[in-house]
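Secondary and tertiary structure notes
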Amino acid sequence: MEKLNINALKVSIDNKTILNDISFTLLKGETLIIIGESGSGKTMLSRLLIGIKPDNANINGNIFFDEKDLLKISEKEWNEYRGKKISYISQNPMAVFNPFQNVESHAVELFQSRLGLSKKECTDKMIEEMKKLNLPNPEALMKKYPFQLSGGMLQRIMFSMMIQLEPELLIADEPTSALDYYNTEKVTELLKNLQSQNTSLIVITHDYNLAKELDGKIIIMKNGNLIEKGNTSDMLKNPQSDYGKSLILRKRYTRYKKEGI
């Protein structure tokens, strides 16, 4: 069953093209990897998928989610989609958290509004998920404020919150960028568990090992254009476009050089 259908999506700001004729589909339970250099349009695309539109943007095309065009729904309707149906994990968690609220306050506010739970149920649910992501002493972490925690910890806390909402589509923007090897493995395991639960995933990443582990479909973007798409494992081995070859082979070379291979 088709979960997401992006059709001829074009976005421009002040006559500058940000996204140019982007089209792809995502089935229920399917995974899509998006790769591309900075400025390729990945972030703009992900923001549109959660209803964040720049005021001065000129937008054409469609984003159908369960056959409903997300570009045409009201902000009130968006409040029913965000979190429960579509969840987003930002590359910059510090920008998401309110600096005047501790972790527990964020979790309770989110779970009560979306899941209708008591404060104790919210706290128990959050602590249970934090333990799965190797967050030390989660009871103490619940009392911490965002500025007291590292970017990697905040990223995993964000995962803990979003996963408990059981979204139909999870969008993760560079989910392993601030993590060490061990915690990258934990996040990869969590994403694979979501795959087994038939959750649709969109993962924006420069981590090709993560992309390989998740498999599914992949698209390569450059300067707002969709350059190439196909099966993830096939494309990581043998991209067809010149840009895809350059992007992937350059990443391999950088990794081999770093590892001394």
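Residues numbered from 1 in each chain as written. Predicted model: local features only at pLDDT ≥ 70, side-chain atom pairs only at ≥ 80, totals over all residues. Heavy atoms only, no water.

**Describing the nonpolar core**
- Membership of the largest hydrophobic core comes to 48 residues, with the highest contact counts inside it found for Ile-35, Phe-111, Met-126, Ile-157, Phe-159, Leu-170 and Leu-191.
- Those residues in contact with Leu-170 that lie beyond four places of it in its chain are Ser-87, Ile-89, Phe-159, Met-162, Ile-163, Leu-191, Leu-194, Thr-199, Ser-200, Leu-201 and Ile-202.
- Grouped together as the second largest cluster of nonpolar side chains are 33 residues, Leu-26, Ala-57, Ile-86 and Tyr-88 included. (Core = buried A, V, L, I, M, F, W, Y, C linked by side-chain atoms within 4.5 Å. Buried < 20%, exposed > 50% of the residue type's maximum accessible area, 1.4 Å probe, protein only. Contact = heavy atoms within 4.5 Å.)

**Let's talk about the side chain of Glu-30**
- Tracing the backbone through its elements, the reader meets Glu-30 in the loop between strand S2 (16–27) and strand S3 (31–35).
- A distance of 3.4 Å separates polar atoms of two side chains, one belonging to Glu-30 and the other to Lys-217.
- When neighbours within four sequence positions are excluded, Glu-30 is seen to be in contact with Thr-25, Thr-199, Ser-200, Leu-201 and Lys-217. (Helix = DSSP H or I, 4+ residues; strand = E, 2+ residues; numbered from the N terminus. Polar contact = N/O pair within 3.5 Å; in protein donor to acceptor, adjacent residues only side chain to side chain.)

**Considerations on the packing of aromatic side chains**
- For the structure shown, the criterion picks out three aromatic pairs.
- An angle of 75° between the planes, with centres 5.9 Å apart, marks the rings of Phe-65 and Tyr-81 as edge-to-face. With Phe-65 in strand S4 (residues 57–65) and Tyr-81 in helix H2 (residues 75–81), this pair connects stretches of sequence that are 16 residues apart. Of the two residues, Phe-65 and Tyr-81, neither departs from the other in class, the shared state being buried.
- Centre to centre, the rings of Trp-78 and Tyr-81 are 5.9 Å apart; their planes meet at 65°, and the pair counts as edge-to-face. Separated by three residues within a single helix, Trp-78 and Tyr-81 lie in helix H2, roughly one turn from each other.
- Its end group placed over the ring of Tyr-81, Lys-85 keeps NZ or CZ at 4.7 Å from the ring centre. (Phe/Tyr/Trp six-rings, centres within 6.5 Å; stacked < 30°, edge-to-face > 60°. Lys NZ or Arg CZ within 6 Å of the ring centre and 35° of its normal.)

**A look at the packing of helix H3 (residues 103–115) against helix H6 (residues 151–164)**
- Between H3 and H6, the shortest axis-to-axis distance is 10 Å and the interhelical angle comes to 15°. The orientation of H3 with respect to H6, classified from their angle, is roughly parallel. Crossing handedness for the pair H3 and H6: right-handed. From H3, Val-103, His-106, Ala-107, Leu-110, Phe-111 and Leu-115 reach across to H6, where they touch Ile-157, Ser-160, Met-161, Met-162 and Gln-164.
- The residue inventory of the contact of H3 with H6, partitioned by class, reads eight nonpolar, three polar and no charged. (Axes fitted to C-alpha atoms, helices over the stretch in contact; angles between N-to-C directions. Parallel < 35°, antiparallel > 145°, perpendicular 65-115°, else oblique. Left-handed = near helix turned anticlockwise from the far one by under 90°. Nonpolar A, V, L, I, M, F, W, Y, C, P; charged D, E, K, R; others polar.)

**What to know about the environment of Ser-40**
- The topology assignment puts Ser-40 in the loop between S3 and helix H1 (42–48).
- Judged by relative accessible area, Ser-40 falls into the buried class, the value being 2%.
- As a C-alpha pair, Ser-40 and Lys-131 span 91 residues in sequence and 35 Å in three-dimensional space.
- With sequence-adjacent residues up to four places away left out, Ser-40 is seen in contact with Ile-18, Met-221, Lys-222, Asn-223, Gly-224 and Asn-225.
- Side-chain polar atoms of Ser-40 contact the backbone oxygen of Glu-37, separated by 2.9 Å.
- Side chain to side chain, Ser-40 and Lys-42 meet in a polar contact 3.3 Å long.

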